[in-house]
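# Examining the three-dimensional arrangement
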Amino acid sequence: MRRRLGPAALVLAGALALAGCGGSDSGSDSGSGSADGKAELSVGSAYMPQPVSDEMAAGFFTVTNKGGAADELTSVTSDVAGQVTVHETVGGAMREVKDLKVPAHGELVLKSGGDHLMFEQLKRKPKEGQTVTVELRFARSGPVKVEMPVKSATYHPKTGH
Amino acid sequence: MVSEDAGTEKAATVLDKPFEKPDLVLTDTQGKKYDLRKETEGKPTLIYFGYTHCPDVCPSTMSNIAVAKKQLPKAEQDDLRVVFVTTDPDRDNPAELGKWLKGIDPQFIGLTGDFATIQAGARTLGISIDAPRKDKNGKVISEHGTQVIAFSPKTDGGYVLYGEGATVDDYTKDLPAIVKGANP
(Lines give C-alpha, C1' and ligand atoms only; values in the text may rest on other atoms or scores of the structure.)
Protein backbone atom coordinates (compact mmCIF):
# COMPACT_ATOMS: atom_id res chain seq x y z
CA MET A 1 0.00 0.00 0.00
CA ARG A 2 2.70 2.48 0.98
CA ARG A 3 4.51 1.96 -2.29
CA ARG A 4 1.41 2.88 -4.26
CA LEU A 5 0.81 6.06 -2.34
CA GLY A 6 4.04 7.56 -3.62
CA PRO A 7 3.09 8.22 -7.26
CA ALA A 8 -0.46 9.13 -6.34
CA ALA A 9 0.75 11.79 -3.94
CA LEU A 10 3.07 13.14 -6.63
CA VAL A 11 0.25 13.49 -9.11
CA LEU A 12 -1.81 15.26 -6.50
CA ALA A 13 0.98 17.70 -5.75
CA GLY A 14 1.29 18.42 -9.44
CA ALA A 15 -2.40 19.13 -9.71
CA LEU A 16 -2.20 21.52 -6.77
CA ALA A 17 0.64 23.45 -8.33
CA LEU A 18 -1.32 23.76 -11.56
CA ALA A 19 -4.40 24.92 -9.73
CA GLY A 20 -2.31 27.50 -7.92
CA CYS A 21 -1.12 28.85 -11.25
CA GLY A 22 -4.33 28.93 -13.19
CA GLY A 23 -6.41 29.84 -10.19
CA SER A 24 -4.58 33.04 -9.38
CA ASP A 25 -7.44 34.97 -10.93
CA SER A 26 -9.68 33.89 -8.08
CA GLY A 27 -8.14 36.57 -5.94
CA SER A 28 -6.88 34.09 -3.38
CA ASP A 29 -3.14 33.78 -3.04
CA SER A 30 -3.15 31.33 -0.19
CA GLY A 31 -2.30 28.38 -2.43
CA SER A 32 1.24 27.07 -2.33
CA GLY A 33 1.49 27.33 -6.13
CA SER A 34 1.19 31.12 -6.24
CA ALA A 35 4.64 31.61 -4.82
CA ASP A 36 6.24 30.15 -7.93
CA GLY A 37 5.86 33.16 -10.15
CA LYS A 38 4.20 36.28 -11.28
CA ALA A 39 3.12 37.56 -14.65
CA GLU A 40 5.81 39.05 -16.89
CA LEU A 41 4.00 40.93 -19.59
CA SER A 42 5.13 42.47 -22.84
CA VAL A 43 2.99 43.90 -25.61
CA GLY A 44 3.71 43.58 -29.32
CA SER A 45 2.14 43.64 -32.81
CA ALA A 46 -0.04 46.60 -31.90
CA TYR A 47 -1.92 48.42 -34.64
CA MET A 48 -5.09 50.34 -35.39
CA PRO A 49 -6.63 50.09 -38.85
CA GLN A 50 -7.42 53.60 -40.10
CA PRO A 51 -11.07 53.97 -39.15
CA VAL A 52 -13.86 54.69 -41.61
CA SER A 53 -16.05 56.28 -39.00
CA ASP A 54 -15.11 59.50 -37.24
CA GLU A 55 -16.71 58.15 -34.08
CA MET A 56 -15.12 54.78 -33.53
CA ALA A 57 -12.08 52.66 -34.25
CA ALA A 58 -10.64 49.25 -33.43
CA GLY A 59 -7.25 48.24 -32.08
CA PHE A 60 -5.28 45.02 -31.89
CA PHE A 61 -2.17 43.71 -30.15
CA THR A 62 -0.66 40.66 -28.50
CA VAL A 63 0.23 40.46 -24.82
CA THR A 64 2.90 37.86 -24.12
CA ASN A 65 3.28 36.51 -20.60
CA LYS A 66 6.63 34.89 -19.83
CA GLY A 67 5.79 34.58 -16.17
CA GLY A 68 4.36 31.67 -14.24
CA ALA A 69 1.14 33.38 -13.17
CA ALA A 70 -1.84 34.55 -15.16
CA ASP A 71 -3.02 38.13 -15.28
CA GLU A 72 -6.02 39.94 -16.74
CA LEU A 73 -6.35 42.94 -18.94
CA THR A 74 -8.92 44.98 -17.05
CA SER A 75 -9.10 48.42 -18.63
CA VAL A 76 -7.71 50.56 -21.41
CA THR A 77 -7.41 54.29 -21.97
CA SER A 78 -6.14 56.28 -24.94
CA ASP A 79 -5.30 59.84 -25.86
CA VAL A 80 -7.56 59.71 -28.91
CA ALA A 81 -10.75 58.38 -27.40
CA GLY A 82 -13.18 59.28 -24.65
CA GLN A 83 -13.75 55.62 -24.02
CA VAL A 84 -11.97 52.38 -24.86
CA THR A 85 -13.61 49.06 -24.17
CA VAL A 86 -12.56 45.47 -24.66
CA HIS A 87 -14.80 43.35 -26.87
CA GLU A 88 -15.11 39.77 -27.87
CA THR A 89 -16.72 38.63 -31.11
CA VAL A 90 -19.22 35.80 -30.95
CA GLY A 91 -20.50 34.90 -34.38
CA GLY A 92 -21.60 38.24 -35.75
CA ALA A 93 -22.07 39.97 -32.42
CA MET A 94 -19.51 42.00 -30.51
CA ARG A 95 -19.87 41.97 -26.78
CA GLU A 96 -18.13 44.08 -24.20
CA VAL A 97 -16.18 42.01 -21.68
CA LYS A 98 -14.96 43.05 -18.23
CA ASP A 99 -11.53 41.52 -18.60
CA LEU A 100 -9.47 39.26 -20.81
CA LYS A 101 -7.13 36.66 -19.39
CA VAL A 102 -3.43 36.57 -20.13
CA PRO A 103 -2.49 32.97 -19.34
CA ALA A 104 0.75 32.06 -17.57
CA HIS A 105 3.44 31.28 -20.16
CA GLY A 106 0.93 32.23 -22.82
CA GLU A 107 -0.53 34.99 -24.94
CA LEU A 108 -3.58 37.13 -25.18
CA VAL A 109 -4.14 37.84 -28.87
CA LEU A 110 -6.45 40.61 -30.02
CA LYS A 111 -7.12 40.35 -33.73
CA SER A 112 -9.61 41.29 -36.37
CA GLY A 113 -12.69 39.11 -36.17
CA GLY A 114 -11.91 38.17 -32.57
CA ASP A 115 -11.15 40.02 -29.36
CA HIS A 116 -10.49 43.69 -30.04
CA LEU A 117 -10.41 47.14 -28.52
CA MET A 118 -13.23 49.50 -29.38
CA PHE A 119 -12.36 53.18 -29.29
CA GLU A 120 -15.38 55.47 -28.94
CA GLN A 121 -15.91 59.20 -28.73
CA LEU A 122 -12.87 59.81 -30.91
CA LYS A 123 -11.23 63.17 -30.25
CA ARG A 124 -9.62 63.09 -33.66
CA LYS A 125 -9.81 60.68 -36.54
CA PRO A 126 -6.58 58.65 -36.61
CA LYS A 127 -4.89 58.59 -40.02
CA GLU A 128 -2.55 56.04 -41.50
CA GLY A 129 1.04 56.81 -40.51
CA GLN A 130 0.08 58.40 -37.20
CA THR A 131 0.48 56.81 -33.79
CA VAL A 132 -2.04 56.65 -30.98
CA THR A 133 -1.09 56.11 -27.37
CA VAL A 134 -2.86 53.44 -25.40
CA GLU A 135 -2.43 52.50 -21.77
CA LEU A 136 -3.29 48.94 -20.78
CA ARG A 137 -4.09 48.15 -17.16
CA PHE A 138 -3.93 44.73 -15.62
CA ALA A 139 -5.28 43.10 -12.49
CA ARG A 140 -1.80 42.41 -11.11
CA SER A 141 0.97 43.83 -13.27
CA GLY A 142 1.62 47.54 -13.62
CA PRO A 143 0.15 49.53 -16.51
CA VAL A 144 1.77 49.21 -19.94
CA LYS A 145 1.93 52.12 -22.37
CA VAL A 146 1.69 51.14 -26.02
CA GLU A 147 2.40 53.30 -29.05
CA MET A 148 -0.06 51.94 -31.56
CA PRO A 149 0.70 52.71 -35.22
CA VAL A 150 -2.26 53.52 -37.45
CA LYS A 151 -2.18 51.26 -40.51
CA SER A 152 -4.30 51.22 -43.65
CA ALA A 153 -7.96 50.26 -43.32
CA THR A 154 -7.19 46.95 -45.00
CA TYR A 155 -4.00 46.12 -43.09
CA HIS A 156 -3.61 42.48 -42.19
CA PRO A 157 -0.73 41.36 -39.96
CA LYS A 158 -0.35 38.13 -41.90
CA THR A 159 0.27 39.80 -45.24
CA GLY A 160 1.75 43.00 -43.83
CA HIS A 161 -0.41 45.28 -45.98
CA MET B 1 -17.42 29.57 -38.68
CA VAL B 2 -13.90 28.54 -37.89
CA SER B 3 -12.05 30.28 -40.66
CA GLU B 4 -9.30 31.78 -38.53
CA ASP B 5 -5.67 31.12 -39.25
CA ALA B 6 -6.56 29.60 -42.57
CA GLY B 7 -3.76 31.58 -44.14
CA THR B 8 -2.97 29.18 -46.92
CA GLU B 9 -6.51 28.07 -47.60
CA LYS B 10 -8.53 29.66 -50.34
CA ALA B 11 -10.73 32.45 -49.09
CA ALA B 12 -13.48 31.75 -51.60
CA THR B 13 -15.97 28.94 -51.32
CA VAL B 14 -17.70 28.17 -54.61
CA LEU B 15 -21.18 26.85 -53.93
CA ASP B 16 -22.58 23.76 -55.63
CA LYS B 17 -26.06 25.19 -55.33
CA PRO B 18 -26.03 28.96 -55.75
CA PHE B 19 -28.33 31.16 -53.68
CA GLU B 20 -31.15 33.00 -55.32
CA LYS B 21 -30.76 36.75 -55.00
CA PRO B 22 -32.96 37.90 -52.12
CA ASP B 23 -36.09 39.71 -53.16
CA LEU B 24 -35.32 42.85 -51.18
CA VAL B 25 -36.90 46.22 -51.82
CA LEU B 26 -35.26 48.69 -49.45
CA THR B 27 -34.19 52.33 -49.25
CA ASP B 28 -30.85 53.53 -50.61
CA THR B 29 -28.59 56.25 -49.26
CA GLN B 30 -30.47 58.88 -51.29
CA GLY B 31 -33.68 57.85 -49.54
CA LYS B 32 -34.98 56.26 -52.76
CA LYS B 33 -36.61 52.89 -53.18
CA TYR B 34 -34.10 50.26 -54.30
CA ASP B 35 -35.22 46.95 -55.75
CA LEU B 36 -32.20 44.72 -55.36
CA ARG B 37 -33.14 42.16 -58.02
CA LYS B 38 -34.08 44.76 -60.58
CA GLU B 39 -31.15 47.11 -59.96
CA THR B 40 -28.47 44.44 -59.95
CA GLU B 41 -29.82 42.18 -62.68
CA GLY B 42 -27.03 40.98 -64.95
CA LYS B 43 -24.40 42.77 -62.87
CA PRO B 44 -21.67 41.19 -60.81
CA THR B 45 -22.81 41.89 -57.26
CA LEU B 46 -21.32 41.51 -53.79
CA ILE B 47 -23.65 41.61 -50.81
CA TYR B 48 -22.72 42.07 -47.18
CA PHE B 49 -24.87 42.59 -44.09
CA GLY B 50 -23.36 44.84 -41.42
CA TYR B 51 -23.72 48.11 -39.52
CA THR B 52 -21.80 51.34 -39.29
CA HIS B 53 -21.35 51.40 -35.49
CA CYS B 54 -19.01 48.49 -35.95
CA PRO B 55 -15.33 49.14 -35.34
CA ASP B 56 -13.77 45.98 -36.63
CA VAL B 57 -15.18 43.55 -39.16
CA CYS B 58 -17.69 45.70 -41.07
CA PRO B 59 -15.29 48.50 -42.08
CA SER B 60 -12.44 46.09 -42.80
CA THR B 61 -14.63 43.88 -44.98
CA MET B 62 -15.91 46.83 -47.00
CA SER B 63 -12.47 48.44 -47.20
CA ASN B 64 -10.94 45.20 -48.47
CA ILE B 65 -13.49 45.07 -51.27
CA ALA B 66 -13.01 48.78 -52.04
CA VAL B 67 -9.25 48.49 -52.41
CA ALA B 68 -9.53 45.33 -54.50
CA LYS B 69 -12.16 46.93 -56.72
CA LYS B 70 -9.86 49.86 -57.54
CA GLN B 71 -7.50 47.42 -59.21
CA LEU B 72 -10.09 46.40 -61.79
CA PRO B 73 -10.29 48.16 -65.16
CA LYS B 74 -12.54 51.22 -64.94
CA ALA B 75 -15.43 49.68 -66.92
CA GLU B 76 -15.50 46.67 -64.62
CA GLN B 77 -15.40 48.89 -61.55
CA ASP B 78 -18.47 50.67 -62.84
CA ASP B 79 -20.17 47.38 -63.58
CA LEU B 80 -19.61 45.86 -60.14
CA ARG B 81 -22.37 46.40 -57.59
CA VAL B 82 -21.25 46.29 -53.96
CA VAL B 83 -24.26 46.32 -51.69
CA PHE B 84 -24.05 46.92 -47.95
CA VAL B 85 -27.32 46.11 -46.21
CA THR B 86 -27.56 47.46 -42.68
CA THR B 87 -28.47 45.16 -39.81
CA ASP B 88 -29.07 48.19 -37.60
CA PRO B 89 -31.65 50.20 -39.58
CA ASP B 90 -32.71 52.35 -36.60
CA ARG B 91 -29.30 53.97 -36.36
CA ASP B 92 -28.25 53.52 -39.98
CA ASN B 93 -30.65 55.84 -41.75
CA PRO B 94 -29.91 56.75 -45.39
CA ALA B 95 -27.80 59.78 -44.41
CA GLU B 96 -25.66 57.92 -41.84
CA LEU B 97 -25.17 55.02 -44.18
CA GLY B 98 -24.28 57.33 -47.05
CA LYS B 99 -21.70 59.21 -45.01
CA TRP B 100 -20.03 56.02 -43.85
CA LEU B 101 -19.92 54.40 -47.28
CA LYS B 102 -18.61 57.57 -48.90
CA GLY B 103 -15.57 57.18 -46.66
CA ILE B 104 -14.98 53.73 -48.15
CA ASP B 105 -16.12 53.94 -51.78
CA PRO B 106 -18.71 56.39 -53.12
CA GLN B 107 -19.91 53.79 -55.64
CA PHE B 108 -20.97 51.37 -52.92
CA ILE B 109 -24.70 50.98 -52.42
CA GLY B 110 -26.11 51.21 -48.90
CA LEU B 111 -29.55 49.87 -48.09
CA THR B 112 -31.71 50.36 -45.03
CA GLY B 113 -35.32 49.63 -44.17
CA ASP B 114 -37.48 47.46 -41.99
CA PHE B 115 -35.39 45.12 -39.83
CA ALA B 116 -37.70 42.11 -40.28
CA THR B 117 -37.44 42.48 -44.06
CA ILE B 118 -33.65 42.69 -43.90
CA GLN B 119 -33.45 39.73 -41.53
CA ALA B 120 -35.64 37.62 -43.81
CA GLY B 121 -33.54 38.57 -46.83
CA ALA B 122 -30.35 37.62 -45.02
CA ARG B 123 -31.85 34.32 -43.96
CA THR B 124 -32.40 33.27 -47.58
CA LEU B 125 -28.61 33.53 -47.94
CA GLY B 126 -27.94 31.45 -44.86
CA ILE B 127 -27.01 34.54 -42.86
CA SER B 128 -28.56 34.76 -39.45
CA ILE B 129 -28.74 38.12 -37.69
CA ASP B 130 -30.56 39.05 -34.51
CA ALA B 131 -32.21 42.41 -33.98
CA PRO B 132 -30.09 45.05 -32.23
CA ARG B 133 -30.54 44.91 -28.47
CA LYS B 134 -29.25 46.86 -25.49
CA ASP B 135 -26.71 45.53 -23.02
CA LYS B 136 -26.70 46.23 -19.27
CA ASN B 137 -25.13 49.66 -19.84
CA GLY B 138 -27.73 50.60 -22.41
CA LYS B 139 -25.30 50.24 -25.30
CA VAL B 140 -26.76 48.91 -28.50
CA ILE B 141 -25.37 45.57 -29.63
CA SER B 142 -25.89 44.89 -33.30
CA GLU B 143 -24.86 41.92 -35.35
CA HIS B 144 -23.19 41.64 -38.70
CA GLY B 145 -23.16 38.80 -41.16
CA THR B 146 -19.97 36.81 -41.29
CA GLN B 147 -20.00 36.34 -45.06
CA VAL B 148 -19.82 38.25 -48.28
CA ILE B 149 -21.74 36.65 -51.12
CA ALA B 150 -20.84 37.18 -54.75
CA PHE B 151 -23.56 36.97 -57.40
CA SER B 152 -22.79 36.09 -60.98
CA PRO B 153 -23.63 38.53 -63.78
CA LYS B 154 -24.48 35.54 -65.97
CA THR B 155 -26.96 33.74 -63.74
CA ASP B 156 -27.69 36.27 -60.96
CA GLY B 157 -27.04 33.38 -58.57
CA GLY B 158 -25.01 33.81 -55.38
CA TYR B 159 -22.26 31.38 -56.20
CA VAL B 160 -19.23 32.36 -54.11
CA LEU B 161 -18.89 32.90 -50.36
CA TYR B 162 -16.18 34.78 -48.50
CA GLY B 163 -15.70 34.48 -44.74
CA GLU B 164 -14.37 37.27 -42.55
CA GLY B 165 -10.85 35.94 -42.93
CA ALA B 166 -10.76 37.10 -46.55
CA THR B 167 -8.05 39.73 -47.03
CA VAL B 168 -7.63 42.50 -49.56
CA ASP B 169 -5.26 40.20 -51.47
CA ASP B 170 -7.92 37.50 -51.69
CA TYR B 171 -10.45 39.91 -53.16
CA THR B 172 -7.88 41.46 -55.46
CA LYS B 173 -7.02 38.05 -56.83
CA ASP B 174 -10.64 36.93 -57.22
CA LEU B 175 -12.58 39.99 -58.41
CA PRO B 176 -11.40 39.80 -62.05
CA ALA B 177 -13.06 36.35 -62.25
CA ILE B 178 -16.13 37.35 -60.24
CA VAL B 179 -16.96 40.30 -62.50
CA LYS B 180 -17.16 37.82 -65.39
CA GLY B 181 -19.16 35.26 -63.44
CA ALA B 182 -16.26 32.81 -63.52
CA ASN B 183 -15.08 30.72 -60.62
CA PRO B 184 -12.25 32.36 -58.67
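Quick look at the structure, then. Keep in mind the model is a prediction, meaning the values are calculated, not measured.

Moving on to the overall build of chain B. Scanning chain B from terminus to terminus reveals six helices and ten strands. Computed over C-alpha atoms, the radius of gyration of chain B comes to 15 Å, within 12% of the 16 Å expected from 2.2 N^0.38 for 184 residues, which places it in the range of a compact globule. Scored against the burial criterion, the 184 residues of chain B give a buried share of 53%. For chain B, contacts bridging at least 24 residues in sequence account for 67% of all contacts bridging at least 6. Here chain B displays about 8,300 Å² of accessible surface, and carbon together with sulfur accounts for 49% of that area.

Counting 33 residues, the largest nonpolar core has B:Leu46, B:Met62, B:Phe84, B:Trp100, B:Phe108, B:Tyr162 and B:Ile178 as the members making the most contacts within it. Here this core takes six residues from helix α2 (residues 57-69) of chain B, the largest share from any one element. With sequence-adjacent residues up to four places away left out, B:Met62 is seen in contact with B:Tyr48, B:Val82, B:Phe84, B:Trp100, B:Leu101, B:Ile104 and B:Phe108. Membership of the second largest hydrophobic core comes to 29 residues, among which are A:Ala39, A:Leu110, A:Leu117 and A:Phe119.

Here we come to the pattern of salt bridges. All names here are of chain B. For the structure shown, the criterion picks out 18 salt bridges over all chains. As a salt-bridge pair, Arg37 and Glu20 come within 3.3 Å of each other at their nearest N and O atoms. Of this pair, Arg37 sits in helix α1 (residues 36-40) while Glu20 sits in the loop between β1 (12-19) and β2 (25-27), and the two are 17 residues apart along the sequence. Residue class for Arg37 comes out partly exposed when judged on its relative accessible area of 32%. We note a salt bridge from Lys74 to Asp78, for which the minimum N-O separation is 2.8 Å.

Here we take up the state of the cysteines. Residue and element names in this part refer to chain B. On inspection of all chains with the given rule, the structure shows one disulfide over all chains. In this model, Cys54 is linked to Cys58 through a disulfide, with the two sulfur atoms separated by 2.4 Å. Residues Cys54 and Cys58 are joined through a disulfide that is right-handed, its torsion about the S-S bond being 85°. One exposure class covers both Cys54 and Cys58, and it is buried.

What follows covers the pairing of strand β10 (residues 158-162) of chain B. Residues and elements named next belong to chain B. Extensive coverage of β10 is indicated by the burial of five of its five residues. Note: strand β9 (residues 148-151) against β10, four bridges, orientation antiparallel. Bridge pairing in β10 places Ile149 opposite Leu161. Between β9 and β10, which pair antiparallel and follow one another directly, the connecting turn spans six residues, one of which, Asp156, has a positive phi of 60°.

Paired through backbone hydrogen bonds, the strands of a sheet run either parallel or antiparallel to each other. Residue and element names in this part refer to chain B. Read across the sheet, six strands follow the order β1-β10-β9-β4-β5-β6 without closing on themselves; strand pairing throughout is mixed. Looking at which strands have only one partner, the edges of the open sheet turn out to be β1 and β6 (109-111). When strand polarity is set aside, the average angle formed by the axes of neighbouring strands in this sheet is 25°. Contacting β4 (45-50), β5 (81-86) and β9, α2 runs over the sheet at an angle of about 165° to β4.

All right, on to unusual backbone geometry then. Residue and element names in this part refer to chain A. Its identity is not glycine, yet Ser45 carries a phi of approximately 55°, on the positive side. Topologically, Ser45 is positioned in strand β1 (residues 41-49). Accessibility expressed as a relative area gives 60% for Ser45, which makes it exposed. Positive phi is not limited to glycine here, since His105 has a value of about 50°. Positionally, His105 belongs in the loop between β6 (100-102) and β7 (106-109).

Criteria and thresholds
- Residues numbered from 1 in each chain as written.
- Chains lettered and ligands numbered in written order.
- Predicted model: local features only at pLDDT ≥ 70, side-chain atom pairs only at ≥ 80, totals over all residues.
- Heavy atoms only, no water.
- Helix = DSSP H or I, 4+ residues; strand = E, 2+ residues; numbered from the N terminus.
- Rg over C-alpha atoms; globule rule 2.2 N^0.38 Å.
- Buried < 20%, exposed > 50% of the residue type's maximum accessible area, 1.4 Å probe, protein only.
- Contact = heavy atoms within 4.5 Å.
- Areas by Shrake-Rupley, 256 points an atom, 1.4 Å probe, with all protein chains shown as cover.
- Core = buried A, V, L, I, M, F, W, Y, C linked by side-chain atoms within 4.5 Å.
- Salt bridge = Lys/Arg side-chain N within 4 Å of Asp/Glu carboxyl O.
- Disulfide = S-S within 2.5 Å.
- Pairing = 2+ DSSP bridges.
- Axes fitted to C-alpha atoms, helices over the stretch in contact; angles between N-to-C directions.

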